[in-house]
Amino acid sequence: MFFIFVGAKYRTIMADSGLQWFKTEEREGRTYIFDPLRRRHVALTPEEEVRQRVLWLLVEHLGVPAGLVAVEYSIKVNGMDKRADVVVFGTDGAPLMIVECKAPYVTLTQAVLEQAVRYHTALNPRFLLLCNGDMSYCFKVEGASLHAMDHLPDFMEMGNQK
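Given the structure is predicted, the values throughout are model-derived calculations rather than measurements.

Criteria and cut-off values
- Residues numbered from 1 in each chain as written.
- Predicted model: local features only at pLDDT ≥ 70, side-chain atom pairs only at ≥ 80, totals over all residues.
- Heavy atoms only, no water.
- Phe/Tyr/Trp six-rings, centres within 6.5 Å; stacked < 30°, edge-to-face > 60°.
- Lys NZ or Arg CZ within 6 Å of the ring centre and 35° of its normal.
- Salt bridge = Lys/Arg side-chain N within 4 Å of Asp/Glu carboxyl O.
- Helix = DSSP H or I, 4+ residues; strand = E, 2+ residues; numbered from the N terminus.
- Buried < 20%, exposed > 50% of the residue type's maximum accessible area, 1.4 Å probe, protein only.
- Pairing = 2+ DSSP bridges.
- Axes fitted to C-alpha atoms, helices over the stretch in contact; angles between N-to-C directions.
- Contact = heavy atoms within 4.5 Å.
- Expected span 1.5 Å × (residues − 1).
- Arc of directions from axis to C-beta.

**Section: the packing of aromatic side chains**
Next up, step 1: For the structure shown, the criterion picks out 3 aromatic pairs.
Next up, step 2: An aromatic cluster is defined as three or more aromatic residues linked by ring pairs; in this entry it consists of W21, F22 and W56.
Next up, step 3: Across from the ring centre of Y32, 4.0 Å away, lies the NZ or CZ of R27, which sits over that ring.
Next up, step 4: Here R53 stacks its cationic end above the ring of F22, 5.3 Å away from the centre of that ring.

This is the structure in structure tokens:
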């Protein structure tokens, strides 16, 4: 279990990566946050807040190149169109991690894990990360088994695990 703090006041952060994180603006009574990976403002919902903090963690602290991260990545699961919240790709284009983000008030249950596992069947990444801003669970996929991890893998570890 890991913690990714949410709910703090935002201030714009210009990171070493050159990306600008947590820049917000008000429009028509709603708050929007600039997503530097999608290069557009999106409504700041509780789930989006969690997603933005996870993206920041992946890029700025775990060494994932921003160009290898897809947000709301379209996939087909059992013939149905779905979207994975975040997918991290390796330099060879192979999916390394699926991230499923939930709002802080959504408990990370077996059903959330099963959703990530269904997405896994479409992409076959090495890692699954579930996060609601209060708690995070990371799993390494080995064959048909999931192994809970005691840390979040950085980009090198994501790519070097077979």
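From this point on, the discussion continues.
**Concerning the pattern of salt bridges**
Next up, step 1: What the rule picks out here adds up to 13 salt bridges.
Next up, step 2: A salt bridge links D85 to R51, with the shortest nitrogen-to-oxygen separation between them at 2.9 Å. Here R51 lies in helix α1 (residues 46-61) and D85 lies in strand β7 (residues 80-89), a separation of 34 residues in the sequence.
Next up, step 3: Given a relative accessible area of 7%, D85 falls into the buried group.
Next up, step 4: Between K76 and D81 there is a salt bridge, with the nearest N and O atoms lying 2.7 Å from each other. An identical accessibility class is assigned to K76 and D81; each is exposed.
Next up, step 5: Within the structure, one salt-bridge network assembled from shared partners comprises D35, R38, E47, E48, R51, E72, R83 and D85.

**Section: the sheet that holds strand β3 (residues 24-27)**
Next up, step 1: As summarised here, the arrangement of the 3 strands in space is β3-β4-β5, forming an open sheet in which the pairing is antiparallel. Across the chains shown, the open sheet's two edge strands, defined by having one partner strand only, are β3 and β5 (40-43). Shown here is a sheet whose adjacent strand axes are inclined to one another by a mean of 40 degrees, direction ignored.
Next up, step 2: In the packing of α1 onto the sheet, the strands contacted are β4 (30-35) and β5, and the crossing angle to β4 comes to about 20 degrees.

**What to know about helix α2 (residues 110-123)**
Next up, step 1: Here α2 contains 14 residues, and its C-alpha end-to-end distance of 20 Å stays within 8% of the 20 Å for a straight helix at 1.5 Å per residue.
Next up, step 2: Of all the residues in α2, the buried ones are V112, L113, Q115, A116, Y119, H120 and L123. The arc that holds every buried residue of α2, seen down its axis, measures 155 degrees, which confines them to one face. Away from its buried face by more than 90 degrees, α2 exposes Q110 and T121.
Next up, step 3: Of the surrounding elements, those touching the buried residues of α2 are β6 (69-77), β7, β8 (95-101), β9 (127-131), β10 (136-142) and β11 (145-148).

**A closer look at unusual backbone geometry**
Next up, step 1: Of note in the backbone geometry, E28 takes a positive phi value of approximately 50 degrees without being a glycine.
Next up, step 2: Looking at the secondary structure, you find E28 in the loop between β3 and β4.
Next up, step 3: Positioned with a positive phi, N78 is a non-glycine residue whose angle comes to about 50 degrees.
Next up, step 4: Examined against the element boundaries, N78 turns out to sit in the loop between β6 and β7.
Next up, step 5: Residue class for N78 comes out exposed when judged on its relative accessible area of 71%.

**Quick notes on the sheet that holds β8**
Next up, step 1: Strand order in the open sheet formed by 6 strands is β6-β7-β8-β9-β10-β11, and the pairing between neighbours is mixed. Sheet topology places β6 and β11 at the edges, where each strand pairs with a single neighbour. Mean inter-strand twist for the sheet, computed between neighbouring axes without regard to direction, equals 35 degrees.
Next up, step 2: In terms of strand pairing, β9 meets β10 through 5 bridges, oriented antiparallel. Residue pairing across strands places L130 opposite Y137, the latter belonging to β10.
Next up, step 3: Seen against the sheet, α1 touches β6, β7, β8 and β9 and runs at an angle of roughly 150 degrees to β8.

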